[in-house]
Amino acid sequence: MDHQTHAHQHTHAPAADWPMAVQATLHCLTGCAIGEVLGMVVGTALGWGNLPTMVLAIVLAFFFGYSLTLRGVLKAGVGFRTAVRVALAADTLSIAVMELIDNGVIALWPDAMDAHLGDPLFWSTLAISLAAAFVITTPVNKWTIGRGKGHAVVHQYHH
């Protein structure tokens, strides 16, 4: 790639503004929350231990996070293989940070790992962990968008 092409790419990176970062993080949070809750509900209902339940929740969080982005990019008329690459590029860091914070809060919260679905501790800890993940992941998304990465990649398909 020549210097002129390289410079042109940098001039079209979207402004790394907070509203765009918040929107990207809310999008990520939606997919992660669906996967987390579903994974915890399934694992808990099946009587699984903490580790397999957490692994299922994380896998489903990535699956639903990528799926939401994939759906939007496919709707823009992009081919499936390209859409998968866009979703992976857009969401991997955001979902990984969100899952690290979310699961870290739950793992460190006293008795949260042993709470059952009917226990208010289960739902309150989950809500607090997702809120913490949102607060910490938003600046990460702002940084990646400012570099023309993350949800900036998806943004070009929404016009």
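Reading guide: rules and limits
- Residues numbered from 1 in each chain as written.
- Predicted model: local features only at pLDDT ≥ 70, side-chain atom pairs only at ≥ 80, totals over all residues.
- Heavy atoms only, no water.
- Helix = DSSP H or I, 4+ residues; strand = E, 2+ residues; numbered from the N terminus.
- Buried < 20%, exposed > 50% of the residue type's maximum accessible area, 1.4 Å probe, protein only.
- Contact = heavy atoms within 4.5 Å.
- Areas by Shrake-Rupley, 256 points an atom, 1.4 Å probe, with all protein chains shown as cover.
- Polar contact = N/O pair within 3.5 Å; in protein donor to acceptor, adjacent residues only side chain to side chain.
- Expected span 1.5 Å × (residues − 1).
- Bend = angle between axes of the 7 residues up to and from the residue.
- Patch = residues over 30% accessible without salt bridge, like charges linked within 9 Å, V, L, I, M, F, W, Y side chains within 5 Å.
- Salt bridge = Lys/Arg side-chain N within 4 Å of Asp/Glu carboxyl O.

> Which residues make up the overall build of the protein, and what values go with them?
Secondary structure summary: the protein contains six helices and zero strands in total. For the protein, the N- to C-terminal ordering of α and β elements is α-α-α-α-α-α. Within the span of the protein, comprising 159 residues, buried residues form 36% of the whole. Taking contacts inside the protein between residues at least 6 apart in sequence as the whole, the part at least 24 apart equals 72%. Here the protein has roughly 8,700 Å² of accessible surface; of this, 69% comes from carbon and sulfur atoms.

> I'd like a description of unusual backbone geometry, backed by residues and values.
Backbone geometry at aspartate 111 places phi at a positive 70°, although glycine is not the residue there. In this fold, aspartate 111 is placed in the loop between α4 (80-108) and α5 (120-146). Residue classification places aspartate 111 among the exposed positions, given a relative accessible area of 57%.

> Describe the side chain of serine 94, listing the residues and the values that go with them.
Looking at where serine 94 falls in the secondary structure, it is placed in helix α4. Residue class for serine 94 comes out buried when judged on its relative accessible area of 2%. Within the structure, the side chain of serine 94 is placed 3.2 Å from the side chain of asparagine 141, a separation counted as a polar contact.

> So what's going on with helix α3 (residues 50-75)? Residues and values would help.
For α3, built from 26 residues, the straight-helix expectation of 38 Å at 1.5 Å per residue is met to within 8% by its first-to-last C-alpha distance of 37 Å. Taken as a whole, α3 has its buried residues at Thr53, Met54, Ala57, Leu60, Ala61, Gly65, Tyr66, Thr69, Leu70 and Val73.

> Summarise α4; cite the residues concerned and give the values.
A rise of 1.5 Å per residue sets the reference length of α4, with its 29 residues, at 42 Å; its end C-alpha atoms lie 39 Å apart and thus fit the reference within 8%. The principal kink in α4, of about 45°, is found at aspartate 91.

> Would you mind going over a nonpolar patch on the surface in detail, with residue names and values included?
On the surface, a nonpolar cluster with roughly 290 Å² of combined accessible area is contributed by Leu51, Val55 and Val59. With respect to the element layout, valine 55 can be found in helix α3. Here valine 55 falls in the partly exposed class, since its relative accessible area comes to 44%.

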